[in-house]
Amino acid sequence: MTSRRAFLQQSSLLGAGLLFNAPDFFKFNKQIGIQLYTVRNEVFKDLENSIAKIAEAGYTEVELFGYNNRKYFGKTVAEMAALLKKYNLKSPSGHYGLNDFLHSENYNWDSWKYLIEDAKTLGHTHLVIPYLDDKHRTVDDFKRVAERMNKGGEMARKAKMCAGYHNHDFEFNDLGGTNGYEILLNNTDKKNVEFEMDIYWVRFANQDPLALIKKYPGRFTMWHVKDLATEPKKRSTIVGTGIIDFKEIYKFRDESGLKYLYVEQEEYTKPVFECIKESYDYIKKNIVV
């Protein structure tokens, strides 16, 4: 594993003006968040109870999903914002799969404008693209998404937000000597577009999170902390019970540019609210200390 000193020497962060704005450095304030998708089944049964249980577990930030026709699970954006406030939860970011934004040849930007309005109500700082369907993963597709994110991020910056991108494993598939992740990282403006590294999917794809941080310092301002179990098969699990060394990765949070950390889990061997509590407790005791 690369030592911290070697990492700093190799990436030359200190000798290059940190490569990004000093005021943005050391932004992470040790808040532990959760991606709402973790409790997706419970959300559809009882949204408020799910929000209450998240707060009860200790989380202070929630990354949203479920935006549809400018609503969340039947609630208006204002109602969703009020529900989060009721339980003293903030929502710095959300996942937004806007198909027209991602795929339309002639996009009029209306859905993005509406999203910025709604995100402002929620107190967002980041508008995150969470996924590309398997029909839109060519070099040209990734270049189009990068172009859209640049413009979308520029529009969002005027509202004190930025665009973001969340990875899975397919971004690391070979595309003739490059891959989708490299295309996005190399063709987006760091002032307007930040990245949410899903550390689980990086490891699932047999990639090294620290190597990515070293190559693209300051770009990974959000993390999905989701552990990887390997037996009997690769699957997500409670943080601290899998193979990912989050303690080591967390040492490089400043080089990453970390601002927000979100727990996520997609598969369970026990009730989900027990899982999120155990993940929170592990992170609070062992990582964010």
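For clarity, every value in this text was computed on a predicted model and none was experimentally measured.

Caption draft 1: Structural context of unusual backbone geometry. That bond from Glu231 to Pro232 is cis: its omega, 0°, falls within 30 degrees of zero. By the secondary structure assignment, Pro232 is in the loop between strand S11 (227-229) and strand S12 (235-237). The phi torsion at Asn69 lies on the positive side, around 50°, for a residue other than glycine. Mapped onto the elements, Asn69 comes out in the loop between strand S3 (67-68) and strand S4 (71-72). Given the relative accessible area of 68%, Asn69 is considered exposed. For Phe73, which is not glycine, the phi torsion reads 50° and is therefore positive. For Phe73, a relative accessible area of 24% translates into the label partly exposed.

Caption draft 2: Just the sheet that holds strand S9 (residues 193-198), in detail. In spatial order, the strands read S2-S1-S13-S10-S9-S8-S7-S6; together these eight strands make up an open sheet with parallel pairing. Of all strands in the sheet, those bounded by a partner on one side alone are strand S2 (61-63) and strand S6 (93-95). Here the average twist between neighbouring strands, direction ignored, is 30°. Looking at chain direction, strand S1 (residues 32-35) and strand S13 (residues 260-263) are connected through three bridges and run parallel. Bridge assignment links Ile32 to a residue of S13, and that residue is Leu261. Contacts between helix H13 (residues 272-286) and the sheet are confined to S1, strand S10 (220-225) and S13, with S1 contributing the most and set at about 150° to the helix.

Caption draft 3: Representation of H13 in the model. Taking 1.5 Å of rise per residue, 15 residues should cover 21 Å, and H13 covers 21 Å from first to last C-alpha, within 8% of that figure. If you check which residues of H13 are buried, you get Val272, Cys275, Ile276, Ser279, Tyr280 and Ile283. Projection of H13 onto a plane perpendicular to its axis shows the buried side chains occupying an angular sector of 130°, all on one side. Taken together, the buried residues of H13 touch S1, helix H2 (40-45), helix H3 (47-57), S10 and S13.

Caption draft 4: Region of interest: the pairing of strand S7 (residues 126-129). Burial along S7 is two-sided: His126 and Val128 facing one way and Leu127 and Ile129 facing the other are all buried. The pairing of S6 with S7 spans three bridges and is classified as parallel. In the strand pairing of S7, Ser93 is matched with His126. In terms of strand pairing, S7 meets strand S8 (residues 162-166) through four bridges, oriented parallel. Residue pairing in the sheet places Ile129 in a bridge with Tyr165 of S8. Between the parallel pair S7 and S8, the chain is carried across by helix H7 (residues 139-157), and the sense of this crossover is right-handed.

Caption draft 5: Inspection of empty space enclosed by the protein at higher detail. On inspection of all chains with the given rule, the structure shows one cavity of 30 Å³ or more. In this structure, the largest cavity encloses a volume near 40 Å³. Residue lining of the largest cavity: Trp223, Val225, Phe246, Tyr250, Leu261, Ile283 and Ile287, and that is the complete set. Looking at the lining of the largest cavity, the elements that each hand over two or more residues are S10 and helix H11 (246-250). Residue classes in the lining of the largest cavity are distributed as seven nonpolar, no polar and no charged.

Caption draft 6: Inspection of the pairing of S13 at higher detail. Of the two faces of S13, the one lined by Tyr260 and Tyr262 and the one lined by Leu261 and Val263 are each fully buried. Relative to S13, S10 is paired through four bridges, and the arrangement is parallel. Residue pairing for S13: His224 is matched across the bridge by Tyr262.

Caption draft 7: Examining the sheet that holds strand S5 (residues 75-76) more closely. Taken together, the three strands give an open sheet; going across it, the order is S3-S4-S5, and neighbouring strands pair in antiparallel fashion. The open sheet has two edge strands with one neighbour each: S3 and S5. As paired elements, S4 and S5 share two bridges and run antiparallel to each other. For Lys71, the partnering residue across the bridge sits in S5 and is Thr76.

Caption draft 8: Layout of the layout of surface pockets. Counted as a void, the second largest pocket has a volume near 300 Å³. Lining the second largest pocket are 14 residues, with Tyr37, Phe65, Gly66, His95 and Pro130 sitting closest to its centre. Looking at the lining of the second largest pocket residue by residue, the classes come out as five nonpolar, seven polar and two charged.

How each quantity is defined
Residues numbered from 1 in each chain as written. Predicted model: local features only at pLDDT ≥ 70, side-chain atom pairs only at ≥ 80, totals over all residues. Heavy atoms only, no water. Helix = DSSP H or I, 4+ residues; strand = E, 2+ residues; numbered from the N terminus. Buried < 20%, exposed > 50% of the residue type's maximum accessible area, 1.4 Å probe, protein only. Pairing = 2+ DSSP bridges. Axes fitted to C-alpha atoms, helices over the stretch in contact; angles between N-to-C directions. Contact = heavy atoms within 4.5 Å. Expected span 1.5 Å × (residues − 1). Arc of directions from axis to C-beta. Right-handed = clockwise from strand over helix to strand, strands pointing away. 1 Å grid on protein atoms, 1.4 Å probe; cavity = no way out; pocket = protein on both sides within 12 Å on 5 of 7 lines; lining within 4 Å. Points joined across faces, edges and corners; volume = space filled by probe spheres on them. Nonpolar A, V, L, I, M, F, W, Y, C, P; charged D, E, K, R; others polar.

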